[in-house]
Amino acid sequence: MSISASGDLGPLAYIAAAVTGEGKAKVWYGEGPSRVPIPAPLALTKSNLPATPLLPKEGLAVVNGTAPSCAVAVGGIWDGGWALLGGVALTALALEALHGTMESFVPFLHDVVRPHPGQVEVAAAVRNALEGSRLVTTGWEEGTVGVTAEERLRQDRYSLRTAPQWLGPQIEEALAAHRTVTVEINSTTDNPIIDARKEEERSSSEKWSGNLCGGNFQGTSITVAMEKMRIGLQHVGRIAYAQMVELGQPAMNRGLPPDLAANEPSLDYGQKALDIAAASYLGELSFISNTVSNHVQPAEMHNQSLNSLALVSARYTAEAVQLIQMIHANLLVSLCQALDLRAMYADFFVLMKNDIERAVEEFIEPKLTGEAKKGLVDMLNKQANISFALTSTLDTPERFPALVRPLIADIFTYLSSLSSSFSFSAPHFHTALASSLATSFLSNRGRYFLLPSGAAAPLLGNGTRHLYLWVRKTLGVPMCVGLQGAPAFGVEGDRDEMDVHQTDRVMGRAGLGCIARGLVGRVRKRVRLGGGGGGDHATQLSEGAAEINMLKLIVSRSRVTD
């Protein structure tokens, strides 16, 4: 532990004891399972290294500095930077999952009228990531899957619409923290500092020379840089959780089921556990994101009356990174679930229009033809899409009778506008179409559950597609299809086969919460822990870098990568 005032005295003194061969100091020695702490002299002997004697002033120089704080801070800057990039990438995925609009990201809003550098970068990165997406809109144009004007807000909610303005300042603060830490790790921080320049090399205004006593050991620059980083990470976590809540809330998610339940909503709790876990992570993240510099206490009989707590601040930032990674893991699993649901529903909407057309042909006499028939089918299909979104909380047996009911009034209104007389059997139409839609829905759902992971990829942007496939293909995290014992609601003949495949792909995993934990664990283990000898360590770092490059593909223009 250290208060980081006269440098990080304790940690640095231990390092000095180790390199000088002090017998009481212990160091880690060995690789893998054989890695154990042993006395420093023995470790030096086993490694064929001599103890390093200290020359005059070197002992003071070793212990009177900010190196430990800097070391932890550098990790916080690196990992925190990737967390910021992750926030941008997940926002792009959230725009697709929630049928967001690109209107809020057009260059004029950011590059011209409010050109804060971070805001400009976030907007550009999102635009790049979503190029080619079929799930976002630039207005009310045709070609976007499953979106109608009537079921949309005129503007997206703040977690999407204001993402550049929310995340942009955090990127700017991260860059400022990066600059501070870069200066610090290339500075001299012990005391006194010897000015060895010759007199002719000094300017006329420099009256002091030789041994100069100052306070470069005070690590406040690191403290403040880490506080900037930590507060920024809390903002990233806050927007991520807002997006996650909106994904699972039928009143906000534009047609997705509650908690992203792929099976029947009354039986499938979907992402509820992930939502609860993320709420706890955000609560803890918000707590440790508070500043530590305003909690300084006088130490060492008031000699260190001011102390920076830089190492404490850096350590809290490292904890903040772990928490934001957990939030992002839960959100990423939920987003991939939502995208699979969008793809599954897109396939069903094709079947739904066909069912509607058949019902119109069967229950209206004389039969409509040409433009009259097309006009009615298009109108009913549009209303059915809206009703599908409004009935997302209902199980299949109740959902489709409720969905078809508003169509009957539309048919009577449409037929009355035509010049001819028509016979329309409303009760039979309602019963038959509700039954056929339920059958089509369940059949399509069962078929989609059996598809190889990654079936939603064709609908996604050129950048977001990489992140979705990384989860589904590289990590092998499947779509969550709900309870295995759920009633089949009319597809009994196919249920046994579905059970076998679902059990294969879903059972054996200890819940979605553990899948999310594993998602973070794999990345952190490869990138940060390494373990083993130099060769294994290098290989694992290389694998981790390859995975991180997925984010580079998505946010290729983000300044944090500089």
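So, how was this worked out
- Residues numbered from 1 in each chain as written.
- Predicted model: local features only at pLDDT ≥ 70, side-chain atom pairs only at ≥ 80, totals over all residues.
- Heavy atoms only, no water.
- Helix = DSSP H or I, 4+ residues; strand = E, 2+ residues; numbered from the N terminus.
- Contact = heavy atoms within 4.5 Å.
- Areas by Shrake-Rupley, 256 points an atom, 1.4 Å probe, with all protein chains shown as cover.
- Phe/Tyr/Trp six-rings, centres within 6.5 Å; stacked < 30°, edge-to-face > 60°.
- Lys NZ or Arg CZ within 6 Å of the ring centre and 35° of its normal.
- Pairing = 2+ DSSP bridges.
- Expected span 1.5 Å × (residues − 1).
- Buried < 20%, exposed > 50% of the residue type's maximum accessible area, 1.4 Å probe, protein only.
- Axes fitted to C-alpha atoms, helices over the stretch in contact; angles between N-to-C directions.
- Left-handed = near helix turned anticlockwise from the far one by under 90°.
- pLDDT = per-residue confidence, 0-100.
- Parallel < 35°, antiparallel > 145°, perpendicular 65-115°, else oblique.
- Nonpolar A, V, L, I, M, F, W, Y, C, P; charged D, E, K, R; others polar.
- Polar contact = N/O pair within 3.5 Å; in protein donor to acceptor, adjacent residues only side chain to side chain.
- Salt bridge = Lys/Arg side-chain N within 4 Å of Asp/Glu carboxyl O.

### Points about the overall build of the protein chain
- Along the backbone of the protein chain there are 18 helices and six strands.
- When contacts within the protein chain are restricted to residue pairs at least 6 apart in sequence, long-range pairs at least 24 apart make up 75% of them.
- Counting only carbon and sulfur atoms, one obtains 58% of the accessible surface of the protein chain, whose full area is about 26,100 Å².

### Points about the packing of aromatic side chains
- Under the definition given, this model contains 13 aromatic pairs.
- Taken together, the aromatic side chains of Tyr345, Phe348, Phe349, Phe388, Phe400 and Phe441 make up a single cluster linked through ring pairs.
- Over the face of the ring belonging to phenylalanine 388 we find arginine 399, whose NZ or CZ atom lies 3.8 Å from the ring centre.
- Looking at arginine 399, its charged tip hangs above the ring of phenylalanine 441, at a distance of 5.7 Å from the centre.

### Here we look at the pairing of strand S1 (residues 26–29)
- Where S1 meets strand S2 (residues 36–39), four bridges bridge the pair, whose relative direction is antiparallel. For lysine 26, the partnering residue across the bridge sits in S2 and is proline 39.
- Following S1, the chain reverses through six residues before pairing antiparallel with S2; glycine 30 in that reversal takes a positive phi of roughly 105°.

### Focus on helix H9 (residues 220–248)
- Along its 29 residues, H9 runs 42 Å from first to last C-alpha, staying within 8% of the 42 Å computed at 1.5 Å per residue.
- Summarising burial for H9: 21 of the 29 residues are buried, a large majority.

### Some points on unusual backbone geometry
- A cis amide bond links asparagine 191 to the next residue, proline 192, at an omega of -5°.
- With respect to the helices and strands, the residue proline 192 is situated in the loop between helix H8 (163–185) and strand S3 (193–195).
- Proline 366 follows glutamate 365 through a cis peptide bond whose omega is -10°.
- Here the phi dihedral of lysine 57 falls at roughly 75°; this positive angle occurs in a residue that is not glycine.

### Details of the packing of helix H12 (residues 370–390) against helix H13 (residues 396–416)
- At a minimum axis distance of 9 Å, the contact between H12 and H13 shows a crossing angle of 145°. Of the two elements, H12 crosses H13, and the hand of that crossing is right-handed. Each of Glu371, Ala372, Gly375, Leu376, Met379, Leu380, Gln383, Ala384, Ser387 and Phe388 in H12 lies in contact with H13, whose residues at this interface are Arg399, Phe400, Leu403, Pro406, Leu407, Asp410, Ile411 and Tyr414.

### Some points on the confidence of the model for the protein chain
- The predicted model of the protein chain averages 82 in pLDDT, with 81% of residues at 70 or higher.
- For the protein chain, the element scoring lowest by mean pLDDT is helix H16 (residues 492–506), at 35; helix H14 (residues 426–449) scores highest, at 96.
- pLDDT under 50 marks residues 485–562. Its contacts with residues more than four places away, or in other chains, come to 120 contacts.

### A closer look at the packing of helix H4 (residues 67–97) against H9
- Packing of H4 against H9 leaves a shortest axis separation of 10 Å and a crossing angle of 25°. Here H4 is positioned roughly parallel relative to H9, judged by the angle of their axes. Considering only the axes of H4 and H9, their crossing is left-handed.
- Broken down by class, the residue content of the contact of H4 with H9 amounts to 14 nonpolar, seven polar and no charged.

### Details of the environment of leucine 9
- Among the secondary structure elements, leucine 9 is positioned in helix H1 (residues 9–19).
- Overall, leucine 9 belongs to the partly exposed group, its relative accessible area being 35%.
- On a C-alpha basis, the gap between leucine 9 and phenylalanine 217 in space is 10.0 Å, while along the polypeptide they are 208 residues apart.
- If sequence neighbours within four positions are ignored, leucine 9 has contacts with Ser2, Val63, Asn64 and Gln304.

### Quick notes on the side chain of threonine 317
- Among the secondary structure elements, threonine 317 is positioned in helix H11 (residues 310–363).
- A distance of 3.2 Å separates a polar atom in the side chain of threonine 317 from the backbone oxygen of methionine 226.
- Setting aside chain neighbours within four positions, we find threonine 317 in contact with Gly76, Met226, Met229, Arg230 and Leu233.

### Overview of H13
- An ideal rise of 1.5 Å per residue puts 30 Å on 21 residues; H13 measures up with 32 Å between its terminal C-alpha atoms.
- Among the residues making up H13, those that are buried are Thr396, Arg399, Phe400, Leu403, Val404, Leu407, Ile408, Ile411, Tyr414 and Leu415.
- Buried residues belonging to H13 abut H11, strand S5 (364–365), H12, strand S6 (423–424) and H14.

### Here we look at the pattern of salt bridges
- Evaluation of the coordinates by the stated rule reveals 13 salt bridges.
- Across the salt bridge formed by glutamate 264 and arginine 445, the nearest N and O atoms sit 2.9 Å from each other. Placement of the pair is glutamate 264 in the loop between H9 and helix H10 (272–288) and arginine 445 in helix H14, with a sequence separation of 181 residues.
- Given a relative accessible area of 5%, arginine 445 falls into the buried group.
- For the salt bridge of glutamate 361 with lysine 373, the shortest nitrogen-to-oxygen distance reads 2.3 Å. Note that glutamate 361 is positioned in helix H11 and lysine 373 in helix H12, a separation of twelve residues in sequence.
- Given the relative accessible area of 32%, glutamate 361 is considered partly exposed.
- For lysine 373, a relative accessible area of 15% translates into the label buried.
- Through salt bridges with shared partners, a single network forms among Lys353, Lys374 and Asp378.

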